[in-house]
Amino acid sequence: MSAIAPATVSPGSVGSQSFLLMRVQPALSGLMDGSLSTLAPIFAVVLATHRPLTAFYTGAATALGAGVSMAFSEGLSDTGDLTGRGRPLLRGAITGGGTFAGGIFHTLPFLIASYGAAVSAAIAVVGSELLILAWLRHKFFQTSFTRSFLAITIGGSIIAVMSAALGAAAGG
């Protein structure tokens, strides 16, 4: 009769998994949500109105609303007791903060008064965000940088096309 030895996990890897599950995953989820979900309203408004400051207010409101929504969503999703995902209040704060950060960074260029300069700067910031998100996925979850970048870029591209279409339709 052969005995099956139980799998052993070193304390370092358990700590790493906990850190990934309780901190990195909620932060990355928030950053990705904020970076992608806020693109459509911001770019639709700026393309329709050609008014960067209006797009800034739209983006700020969207980033704030999405951050609060994601904080509550993550914080109320479970107690953490059964899943081992940690304290809900902290997870919610991390996810909500990440969502707000992801949404506000590409909103800030719309404080530039010139339409063309604001849109160009915002596009550059979005490109930087995509690179950072792909790098974070690569670093913490051992995914291929190229695969991560392509997946995130495809999502961003779909949103960009939809927001451009809405902006063009609204702008006449």
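For the structure, check the block above.
Calculation rules
- Residues numbered from 1 in each chain as written.
- Predicted model: local features only at pLDDT ≥ 70, side-chain atom pairs only at ≥ 80, totals over all residues.
- Heavy atoms only, no water.
- Helix = DSSP H or I, 4+ residues; strand = E, 2+ residues; numbered from the N terminus.
- Buried < 20%, exposed > 50% of the residue type's maximum accessible area, 1.4 Å probe, protein only.
- Contact = heavy atoms within 4.5 Å.
- Areas by Shrake-Rupley, 256 points an atom, 1.4 Å probe, with all protein chains shown as cover.
- Lys, Arg positive; Asp, Glu negative; His and termini not counted.
- Charge placed at Lys NZ, Arg CZ, Asp CG, Glu CD.
- Core = buried A, V, L, I, M, F, W, Y, C linked by side-chain atoms within 4.5 Å.
- Phe/Tyr/Trp six-rings, centres within 6.5 Å; stacked < 30°, edge-to-face > 60°.
- 1 Å grid on protein atoms, 1.4 Å probe; cavity = no way out; pocket = protein on both sides within 12 Å on 5 of 7 lines; lining within 4 Å.
- Points joined across faces, edges and corners; volume = space filled by probe spheres on them.
- Nonpolar A, V, L, I, M, F, W, Y, C, P; charged D, E, K, R; others polar.
- Axes fitted to C-alpha atoms, helices over the stretch in contact; angles between N-to-C directions.
- Parallel < 35°, antiparallel > 145°, perpendicular 65-115°, else oblique.
- Left-handed = near helix turned anticlockwise from the far one by under 90°.

A. Layout of the overall build of the chain. Broken down by element type, the chain carries 6 helices and 0 strands. Counting over 172 residues, the chain shows a buried share of 35%. A separation threshold of at least 6 residues defines the contact pool for the chain, and within that pool the share at least 24 residues apart is 67%. Carbon and sulfur atoms make up 72% of the accessible area of the chain, which amounts to about 9500 Å² in all. With 8 positive and 5 negative side-chain charges, the chain shows a spacing of 6 Å between the two charge centroids.

B. Expanded view of the nonpolar core. L39, F43, V46 and F110 are the most contacted members of the largest nonpolar core, which totals 21 residues. Mapped by element, the contributors of at least two residues to this core are α1 (11-37), α2 (39-49), α3 (52-77), α5 (115-141) and α6 (145-171). Ranked by the residues each element gives to this core, the list is headed by α5, at 7 residues. Those residues in contact with L39 that sit more than four places away from it in its chain are A44, H106, V126, G156, I159 and S163.

C. Layout of the packing of aromatic side chains. This structure, assessed with the given rule, holds 3 aromatic pairs. With 5.8 Å between their ring centres and 80° between their planes, F43 and F110 make a pair best called edge-to-face. On the criterion of sequence distance, the pair formed by F43 in helix α2 and F110 in the loop between α4 (88-104) and α5 is long-range, its members being 67 residues apart. Side by side, F43 and F110 carry an identical accessibility label, which is buried.

D. Expanded view of the layout of surface pockets. Looking at the largest pocket, its volume works out to about 210 Å³. At the level of secondary structure, the elements contributing two or more residues to the lining of the largest pocket comprise α2, α5 and α6. The leading source of residues in the lining of the largest pocket is α6, at 6 residues. Each residue belonging to the lining of the largest pocket can be placed in one class, and the counts come to 9 nonpolar, 4 polar and no charged.

E. View of the packing of α3 against α4. Close contact between α3 and α4 brings their axes to 7 Å; oriented N to C, the two are set at 160°. Overall, the two elements α3 and α4 adopt an arrangement that is roughly antiparallel. For the element pair α3 and α4, the recorded crossing hand is right-handed. Residue-level inspection shows A60, A63, L64, A66, G67, M70, A71, E74, G75 and S77 of α3 in contact with α4, the latter providing P88, R91, G92, T95, G96, T99, F100, G103 and I104. Its residues assigned to classes, the contact of α3 with α4 shows 9 nonpolar, 8 polar and 2 charged.

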